[in-house]
Amino acid sequence: METKLDPAKDDLPLMANTRHMLVKHYVLDLDVDFKTQVIEGTIVLFFEPGSRCKKGGSAGEGACLSQSDETFRIRASEPCHSPVTNLSARSSKTGYNDFSVCAKGEKDTSDKNGNHSNGEQASGISSSKNCCDIETHGSEDFLLVLDCCDLSVLKVEEVDVAAVPGIEKFTRSAKLTDAEELRNLRNQIVHELVTLPADHWREQLYYYTYCSQAPGCGELLFSTGTWSLEIRKAEVQAPRDFPHAIRIWYKTKPEGRSVTWTTDQSGRPCVYTMGSPINNRALFPCQEPPVAMSTWQTTVRTASSFVVLMSGENSAEPAQLQEGLLSWYYYVTMPMPASTFTVAVGCWTEVKQESHTADVQINNEFSSLFSRADLRLIKGSCGHVAYPCRFQNPAASSQLVIPHRVFAPWCLKDRCAEILLELIPQCLSAAHAILGTHPFSRIDVLIVPSNFSSLGMASPHIIFLSQSVLTGGSHLCGTRLCHEIAHAWFGLAIGARDWTEEWISEGFATYLEDVFWAVAQQLPHDEAREQQELKALLRWRRLRDEVQNSKEELQVLRPNKENTGEVSESGTCIIKHGLNAEKIFMQVHYLKGYFLLQSLAKKIGEATYFEFLRKFVQKFHGQLILSQDFLYMLLEDIPEQKGYGLSVENIIGAWLDTSGIPKPLLEECQSWDQCRLVQQVNDEVTKWIQANQRARKRTKRKRRQDEVAFRKLLPDQLVLLLESLLEEKMLCLRILQCLEKTYHLDEQDAEVRHRWCELVVKHKYTTRYAEVEKFLKEDQAMGVYLYGELMVNEDAKQQELAYKCFAATQKQMDVSSAKVVAEMLF
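Described in the following lines is the structure provided in the data block. (Residues numbered from 1 in each chain as written. Predicted model: local features only at pLDDT ≥ 70, side-chain atom pairs only at ≥ 80, totals over all residues. Heavy atoms only, no water.)

A word on helix 15 (residues 676-695)
The following threshold applies: Numbered from the N terminus, helices here are DSSP runs of H or I no shorter than four residues, and strands are runs of E no shorter than two. For a helix, the expected span equals 1.5 Å multiplied by the number of residues minus one. Burial classification: accessible surface area is computed with a 1.4 Å probe over protein chains only, and a residue below 20% of its type maximum counts as buried, one above 50% as exposed, and the rest as partly exposed. The directions considered for the arc are those from the helix axis to the C-beta atoms.
Between its first and last C-alpha atoms helix 15 spans 29 Å; for 20 residues at 1.5 Å apiece the expected length is 28 Å, and the two agree. Where helix 15 is concerned, the buried positions are Leu677, Val678, Gln680, Val681, Glu684, Val685, Trp688, Ala691, Asn692 and Ala695. Along the axis of helix 15, the buried residues cluster in a sector spanning 155°; they form a single face.

This is the structure in structure tokens:
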């Protein structure tokens, strides 16, 4: 079923017909070429019939099993977790020796619309209108639809998994009499493989590897559209008969929106994937709807000067294939949406601790409420499909700090060693104290290039951090690190069943970053509460401004409302406003979600609330949820909340389904002004305003006599101070100079420097325009709206500065950022 799109709208289509066929595992085999800025190779997809095609329940349901597999022994002493690399049989230039393929240097048969064919066979497939509807379609061929754009698909074929040596253990048929039985046998093998018990995960990866290297047994007809790749096999009319293992040969395009080719801070070439705003469909053909939970394994070959980091459970060590060429291999055994897959290839340097650091211990008044090891939870069964689950492993449950590595460009190595290496174990331990078992077994942290459009991004086993978090001490770095670590639970281990419910991921991470950071800093309870009240006020101001300056439809946390989570008969759907460039820079899902969770915690009490969160994580990890799953469990687990008049319907109506400021929040916002840290800032603001009034009236000698002692402020206090001074009509030059000197503003973190740049622009402080220019070039994750400030004053020098900075950064700037800035400038 082709989703009809209105060109005037900004909704992102998810085209994959997941209710007919569901990908269970991907095997990617890729080459990264920095000269052509292309990633090319193959992807093998292993399928099971989707929910509309199954007679019984979903395969693989049941409790998680242990990771050990004592019964499996690898034949011929091949390592079970590593793909076979045989250059004589497999090369990026020759393909498999069992069949021909369009490889590097060969003609790309795509037409101007991006359509491809295997010879003449693909003619006649132009859209998804031929997609088989099982109940009504009768004689038409079944059409498999994958999410795909900005890719050159060269060839699609069925994989002959029956040809793999030793695969007989997955077959029941003793004799094969015709082609139909052989087809059924191949599909039976894939079914047996994808439904192996969780404790056979090593064996499963082993056979996935060899099945992915099996020869092809027939090319499939295919066509590409704007958002999809459509595949069919002649005379196959039902999903259950469609090949359950297919191989796709493809190339990315340099302009592909899922892949960013750029240079790092040392000027070396690199490439990374954001999975945003169109997810990973321009990296590989896949199923983008979140219900398509899959595992994957990936081999990446690139020049030996590069390091490959990826979403993978293993800390990959490269294998040398030939001089100057390395191969990296990663795998994941926890099923997750394909959009969470991430890869980064660059000349990264691993940052290591030069001296021994004492073990981190979390032991303070605030964390003691939540740090009890509740081993009773381990005894229960998990509610997700079977995989090697850490929540069922007592050793994992007591692991405060998971193994971690830090990578960065060479020029940032020392700064990372100074800031990050100490923070990571503190933040990981704090997260464990609050939520318990870390969902993932290890983590890499990478400082990405300056054109990265966010302060951070979390993917399975890897976190991207902007270089902007490394300046001005540990506060911004620590809070952002806590935010991304929180996504391991909310966003990855527990995901939204509908991509439009971003608040489930971002609201929780924003709320938990404060809690984790307080524990990581070992703050007493009262001090932690004061810092969180200050942060709440800053977020309230930001939400208030955003609501005043954005479209109402973009302020709703559940834009699909009662239809949230619904899909079409085939599984297709849309992400409302998913292509709206403005939405990417909005924080309404972060902020309203945060305030909802904070409001609930206040009513319930911290200890009770976090005890509930641990139960929630235990119940729903490894699964997809909707807002009501969280709310129903909360009100059922803590029934006294009904005394406050809380109900799922009331909460959804007040917080999730309406634009603007939620009414309950309007009643709470007044209390933050009474916070001691806020009062301190208000006192300092008064001093600066008075100093500004005197400076405009008095002589130099009198000013010296009236010098004022200003209080030392925390980073968040400085942000509030500068925001308050921005509301003043005019500050004289001497006050701006004094502000800069008093707080060493050019040395502060990016949040503070952003407000300082706004003051510089507002007051046309020309001698500090160089700081604005530096910020726009080096802190692109935060500087987008500074362009608007430079343009709104209609000052020639400021506009010239805006044009100059945009010209210098546009080519490498994130596509959405460039679009928003261009609209401001032109």
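More follows now that the structure is in view.
Quick look at the sheet that holds strand 16 (residues 343-346)
What links the strands of a sheet is backbone hydrogen bonding, and the strands pair in either a parallel or an antiparallel sense. The condition is simple: In this description, strands pair whenever DSSP reports at least two bridges between them. Under this scheme, a helix contributes an axis fitted over its contacting stretch, all axes are lines through C-alpha atoms, and angles between N-to-C directions fall in the 0 to 180 degree range.
Spatially, 4 strands are ordered 10-11-16-13 in an open sheet, and the strand pairing comes out antiparallel. The strands lining the two open edges of the sheet, one partner per strand, are strand 10 (259-263) and strand 13 (307-310). On average, each strand axis in the sheet is tilted by 15° relative to the strand beside it, whichever way the strands run.

Side note on the environment of threonine 608
Position of threonine 608 among the secondary structure elements: in helix 11 (residues 606-620). Between the C-alpha atom of threonine 608 and that of isoleucine 638, which follows or precedes it by 30 residues, the distance is 8.5 Å.

Re the sheet that holds strand 3 (residues 38-49)
Within the open sheet, the 8 strands sit side by side as 6-5-9-3-2-12-15-14. Their pairing is mixed. Edge positions in the sheet fall to strand 6 (216-219) and strand 14 (319-322), since each has one partner strand and no second. Averaged over all adjacent pairs, the angle separating strand axes in this sheet is 25°, with direction ignored. With 7 bridges connecting them, strand 2 (residues 21-33) and strand 12 (residues 293-303) associate as parallel partners.

Focus on the packing of helix 7 (residues 503-520) against helix 11
When two helices pack together, you describe them by how their axes are tilted relative to each other and by the distance separating the axes. Inclusion rule: Convention used here: angles under 35 degrees read as roughly parallel, angles over 145 as roughly antiparallel, angles from 65 to 115 as roughly perpendicular, and any remaining angle as oblique. Handedness of a crossing is defined here by the sense of rotation of the near helix relative to the far one, left-handed for an anticlockwise turn of less than a right angle and right-handed for a clockwise turn. By definition, residues are in contact when any of their heavy atoms lie within 4.5 Å. Just so you know the grouping, Ala, Val, Leu, Ile, Met, Phe, Trp, Tyr, Cys and Pro go in nonpolar, Asp, Glu, Lys and Arg go in charged, and all remaining residues, Gly too, go in polar.
It is the contact of helix 7 with helix 11, at a shortest axis distance of 14 Å, that shows an interaxial angle of 125°. If you check the angle between helix 7 and helix 11, you find them oblique. As helix 7 packs across helix 11, the resulting crossing turns out to be left-handed. Together, Phe508, Tyr511, Leu512 and Val515 of helix 7 and Tyr609, Phe610 and Leu613 of helix 11 make up the contact between the two elements. Looking at the contact of helix 7 with helix 11 residue by residue, the classes come out as 7 nonpolar, no polar and no charged.

Side note on the nonpolar core
Using the following cut-off: The definition of a nonpolar core used throughout is a set of buried Ala, Val, Leu, Ile, Met, Phe, Trp, Tyr and Cys residues joined through side-chain atoms within 4.5 Å.
Core analysis: the biggest nonpolar cluster contains 215 residues, and Ile231, Ile248, Leu420 and Phe630 have the highest contact counts within it. For this core, the element with the highest residue contribution is helix 5 (residues 413-435), accounting for 13 residues. Each residue touching isoleucine 248, except ones within four places of it in the same chain, is listed here: Gly41, Thr42, Ile43, Leu45, Leu146, Val153, Lys155, Val156, Leu229, Ile231 and Pro285. With 20 residues, the next largest nonpolar core counts Val161, Val164, Leu193 and Cys211 among its residues.

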